[in-house]
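Below, each chain spelled out in residue letters.
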Amino acid sequence: MDFDFNNDLEKRISDAFCVFDHHSEKLIDVREVGTVLRLLGCVPTEEEVNEVISATETEETSGVVHLTKFLPHVSQLLMERKMEPAPPEKILEAFKTLDFENKGYLTKEYFGKLMMEEGEPFTQEEMDEMWPVAIDPISGHIPYELYLNQLMVYL
């Protein structure tokens, strides 16, 4: 089944979806939905990923999402600017709020505890992926302005 795309956004969504459509059937496993959203530049919470899955999972085959349901739903979310990353200014403000002594850095222990216990907790695997970028190899701390600049390169 071929699709006529109404705009560049739909083409972008379809292209991201099809990266994970391993059998070219316009179907992906629900476990890939979060990855597709992140590939599109979204920063969804697990709850938001589950909401997208609930809204787009096929009734006939549980555990699978079809492009015909995914495309309009995600197009609408993106047009409404849902799941966008926080702007750098807001992230910097958050880091400064956590830096009670205005040192310009956070310790690995303090930041790690916050990331694994507060809000939507990171897994150990996610922490292990983050540390090489976040931690200054000389001081062992997280100089948050430098870290934020490095994050902006990836966003």
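Nothing here was measured: the structure is a model prediction, and the numbers come from that model. (Residues numbered from 1 in each chain as written. Predicted model: local features only at pLDDT ≥ 70, side-chain atom pairs only at ≥ 80, totals over all residues. Heavy atoms only, no water.)

Engineer: Got a minute to help me understand the overall build of the protein in this structure?
Structural biologist: Along the protein, the regular secondary structure elements total eight helices and four strands. For 155 residues, the compact-globule estimate of 2.2 N^0.38 gives 15 Å, and the C-alpha radius of gyration of the protein, at 19 Å, exceeds that figure by more than 25%. With the C-alpha coordinates of the protein rotated into their principal frame, the extents come out at 60 × 30 × 25 Å. Split into buried and exposed, the 155 residues of the protein put 34% on the buried side. Contacts spanning at least 24 positions in sequence make up 52% of the contacts within the protein whose residues lie at least 6 apart. (Helix = DSSP H or I, 4+ residues; strand = E, 2+ residues; numbered from the N terminus. Rg over C-alpha atoms; globule rule 2.2 N^0.38 Å. Buried < 20%, exposed > 50% of the residue type's maximum accessible area, 1.4 Å probe, protein only. Contact = heavy atoms within 4.5 Å.)

Engineer: Explain the environment of Glu 46 to me, please; I cannot follow it from the model alone.
Structural biologist: With respect to the helices, strands and loops of the structure, Glu 46 is situated in helix H3 (residues 46-56). When the C-alpha atoms of Glu 46 and Glu 120 are compared, they prove to be 8.1 Å apart, with 74 residues separating the residues in sequence. Those residues in contact with Glu 46 that lie beyond four places of it in its chain are Arg 38 and Glu 120.

Engineer: Looking at this structure, how should I read the domain arrangement of the protein?
Structural biologist: In many reports, interface size means the accessible area that the parts give up when they come together. The assigned domain composition of the protein is domain 1 (4-80) and domain 2 (88-154). Computed over C-alpha atoms only, the centres of domain 1 and domain 2 are separated by 30 Å. (Domains from an automatic or database assignment.)

Engineer: Could you clarify how one ought to interpret the UniProt feature "domain: EF-hand" (unreviewed entry) in the protein in this entry?
Structural biologist: According to UniProt, the feature "domain: EF-hand" (unreviewed entry) maps to residues 86-121 in the numbering used here. Between the C-alpha atoms that bound residues 86-121 there is a distance of 17 Å. The span itself is 58% helix and 6% strand. (UniProt positions renumbered as here; feature names shortened; annotations may be inferred.)

Engineer: Just to check I follow, could you spell out the environment of Phe 122 for this structure?
Structural biologist: Along the polypeptide, Phe 122 turns up in the loop between helix H6 (108-117) and helix H7 (124-134). Residues Phe 122 and Gly 112, spaced ten residues apart in sequence, show a C-alpha to C-alpha distance of 9.0 Å. Residues contacting Phe 122, with those up to four places away along its chain left out, are Met 115, Met 116, Met 127 and Met 130.

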